[in-house]
Amino acid sequence: MSSIGKPIEVLLVEDDPGDELITREAFEDNKIGNNLHVVRDGLEALDFLYQRGEFAGKPRPDLILLDLNLPKYDGRQVLEKIKSDSELRAIPVVVLTTSSAEEDILRSYKLFANAYVTKPVDLNQFMAVIRQIDEFFVTVVRLPGRSH
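Because the structure is predicted, anything quoted here is derived from the model rather than measured.

Asks: Tell me about the overall build of the protein chain, and please be specific about residues and values.
Replies: When you go through the protein chain residue by residue, the secondary structure sums to 5 helices and 5 strands. The N-to-C order of helical and strand elements in the protein chain reads β-α-β-α-β-α-β-α-β-α. A burial count over the protein chain gives 49% of its 148 residues as buried. Pairs at least 24 apart in sequence give 65% of the contacts found in the protein chain among residues at least 6 apart. With the model as given, the accessible surface of the protein chain reaches about 7600 Å², and the carbon-plus-sulfur share is 50%.

Asks: Describe the pattern of salt bridges, with residues and values.
Replies: Pairing between side chains of opposite charge can happen when their charged atoms approach one another. Tallied over the entire structure, the rule returns 10 salt bridges. Residues Arg 24 and Glu 20 are paired through a salt bridge, measuring 3.0 Å at the closest nitrogen-oxygen approach. Of this pair, Arg 24 and Glu 20 both sit in helix α1 (residues 17-29), 4 residues apart, which is roughly one turn of that helix. Judged by relative accessible area, Arg 24 falls into the partly exposed class, the value being 31%. Two residues, Glu 135 and Arg 131, come together in a salt bridge whose shortest N-O distance is 3.9 Å. Residue Glu 135 and its partner Arg 131 are located together in helix α5 (residues 123-140), separated by 4 residues, close to a single helical turn. Note on Glu 135: relative accessible area 41%, which makes it partly exposed. Taken together, the shared-partner salt bridges connect Glu 14, Asp 19, Asp 67 and Lys 119 into one network.

Asks: Before we move on, could you go through the confidence of the model for the protein chain and cite the residues and values that matter?
Replies: Across the protein chain, the average pLDDT comes to 87, with 89% of residues at 70 or higher. Least confident of the elements in the protein chain is α5, whose mean pLDDT is 83; most confident is helix α2 (residues 42-49), at 97.

Asks: Quick rundown of the nonpolar core? Include the residues and the values.
Replies: Formed by 22 residues in total, the largest nonpolar core has its most connected members in Val 13, Ile 64 and Leu 66. Of all the secondary structure elements, the ones that give two or more residues to this core are β1 (9-13), α2, β3 (63-66), α3 (75-83) and β4 (93-97). Take this core: its biggest share by element is 4 residues, from α2. Among residues more than four places away in sequence, those in contact with Val 13 are Val 39, Asp 41, Ala 45, Ile 64, Leu 65, Leu 66, Asp 67 and Leu 70. Of all hydrophobic cores here, the second largest spans 21 residues; its members include Phe 27, Ala 115, Ile 130 and Ile 133.

Asks: Can you break down the side chain of Lys 119 residue by residue, with the values?
Replies: Take Lys 119: it is sitting in the loop between β5 (115-118) and α5. Within the structure, Lys 119 has its side chain in polar contact with the side chain of Glu 14 (distance 2.5 Å). The residues contacting Lys 119, other than those within four sequence positions of it, are Glu 14, Asp 19, Asp 67, Leu 96, Thr 97, Thr 98 and Phe 126.

Criteria and cut-off values
- Residues numbered from 1 in each chain as written.
- Predicted model: local features only at pLDDT ≥ 70, side-chain atom pairs only at ≥ 80, totals over all residues.
- Heavy atoms only, no water.
- Helix = DSSP H or I, 4+ residues; strand = E, 2+ residues; numbered from the N terminus.
- Buried < 20%, exposed > 50% of the residue type's maximum accessible area, 1.4 Å probe, protein only.
- Contact = heavy atoms within 4.5 Å.
- Areas by Shrake-Rupley, 256 points an atom, 1.4 Å probe, with all protein chains shown as cover.
- Salt bridge = Lys/Arg side-chain N within 4 Å of Asp/Glu carboxyl O.
- pLDDT = per-residue confidence, 0-100.
- Core = buried A, V, L, I, M, F, W, Y, C linked by side-chain atoms within 4.5 Å.
- Polar contact = N/O pair within 3.5 Å; in protein donor to acceptor, adjacent residues only side chain to side chain.

So this is what it looks like as structure tokens:
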């Protein structure tokens, strides 16, 4: 819930059903009052962001949690598209991935990711990471379009 009391629209781009479930549980366990939307590949992510097809009328997300290793379009391609589009580039993107490879970290920041987080293997740590992302981006950071 943002500082102005309005739920934040969060888009999770994640193809792993287990990681999706953990993220959903973290939102529920942490009593995160935000709306979590889930898409499972890069093409669905772009359709959601451009409100095409089955995603017509869906809200524009305030925060994107993006996995890198996705089918159809990978997360790097999705990130590049988001940050090169004047309508989308202001949306914060947190890369949330299993990769801890230095080349993935550097490339993500070069593509203007707002943060890069390696998914912990431990369930409790994973849930804590989701809570910390939420606390930071929803409670601490001012998001575009969310002024009083």
